[in-house]
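Commentary on secondary and tertiary structure
Here are the chains, one letter per residue:
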Amino acid sequence: MILQKQTTLETAVSYTGIGLHSGREVHAVLKPAPADTGIVFVRTDLSGQPMIHAKAENVTSTLRATTVEENGLRVFTIEHLMSAFHAHRIDNAFVELDSEEPPVADGASLVFFELMAKAGVRELEAERREVIIDKVYRIDDEATGRFVMVVPYDGFRVSFTSLNPHKLIGVQYEDFHIDEETYHKEIAPARTIAYEKEIAQLREMGLGLGGTLESVIVYNDDGWLNPLHFEDELVRHKILDVIGDLRLAGIIRGHVIAAASGHALNTQLAKKIAAAHLAK
């Protein structure tokens, strides 16, 4: 096994935007952090600037987004930001937020990926404890047949089948060996998606308040309301999401295989992997 060093950002970078679900303006600052810190969200809007560690065990909700919570405080819709951290293989960083949700930015992870590239990645002295998958881990939804699993693989690869009953979308499949270049070009620009008929209901639930046609692909029974970045943008965004959700278990070496999984299944798998890795 090749020994790897932990990494962090070289310099701090910031971005101001609107939260996808909260609709609130939020100022985000990504900062370097020492070895063994992990990815830590810092709520600068609260007294004492409490920290919330982005770890699988801290996931408390997966309703339309992934939420982590610590000591009764939470941040949600973290999956796009976490996905970019995974793609850059960044072990340690502070994410300062003056709200409980990062900016939606482009509705994908391209803005975050390029911010991290601008900041630069610095190697630290401490050794990385990479999460090397040495057996099959699998989570199934028995009722629907959806599943997500990870198997041993020399590298990081994701194979995803998306199943959508809408005639416009149907079955989509993509398979990528994930490195920085592939992620930047093929995954990072893929935006989140919404069915037009669902939007009013989501907003009644207090969700999707910050979404626009710039950051969300919207479709109805007749077609797309905005141009696509990829013909199969939905499945690419699903890959983006699963990469972000699994980053909660650490930086993974393995092959992820999924059929129509969402945040609930993804984060259950992350918890299973993290628990096994900690036990070693």
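Residues numbered from 1 in each chain as written. Predicted model: local features only at pLDDT ≥ 70, side-chain atom pairs only at ≥ 80, totals over all residues. Heavy atoms only, no water.

Turning to the overall build of the protein, a few remarks are in order. Secondary structure assignment for the protein yields 6 helices and 18 strands. Relative to its length of 280 residues, the protein is compact, with a C-alpha radius of gyration of 18 Å against a globular reference of 19 Å. Based on the C-alpha atoms only, the size of the protein along its principal axes is roughly 55 × 45 × 35 Å. Taken over 280 residues, the protein has a buried fraction of 57%. In the form shown here, the protein has an accessible surface area of approximately 12400 Å², with 51% of it arising from carbon and sulfur atoms. When the 28 positive and 41 negative side-chain charges of the protein are each reduced to one mean point, those points stand 3 Å apart. (Helix = DSSP H or I, 4+ residues; strand = E, 2+ residues; numbered from the N terminus. Rg over C-alpha atoms; globule rule 2.2 N^0.38 Å. Buried < 20%, exposed > 50% of the residue type's maximum accessible area, 1.4 Å probe, protein only. Areas by Shrake-Rupley, 256 points an atom, 1.4 Å probe, with all protein chains shown as cover. Lys, Arg positive; Asp, Glu negative; His and termini not counted. Charge placed at Lys NZ, Arg CZ, Asp CG, Glu CD.)

A few words on empty space enclosed by the protein. A water-sized probe, rolled over the atoms, reveals where empty space remains. Counting across every chain of the model gives 2 cavities of 30 Å³ or more. Volume-wise, the largest cavity comes out at about 50 Å³. Leu20, Thr77, His80, Pro102, Pro103, Val104 and Phe112 together form the lining of the largest cavity. Each residue belonging to the lining of the largest cavity can be placed in one class, and the counts come to 5 nonpolar, 2 polar and no charged. (1 Å grid on protein atoms, 1.4 Å probe; cavity = no way out; pocket = protein on both sides within 12 Å on 5 of 7 lines; lining within 4 Å. Points joined across faces, edges and corners; volume = space filled by probe spheres on them. Nonpolar A, V, L, I, M, F, W, Y, C, P; charged D, E, K, R; others polar.)

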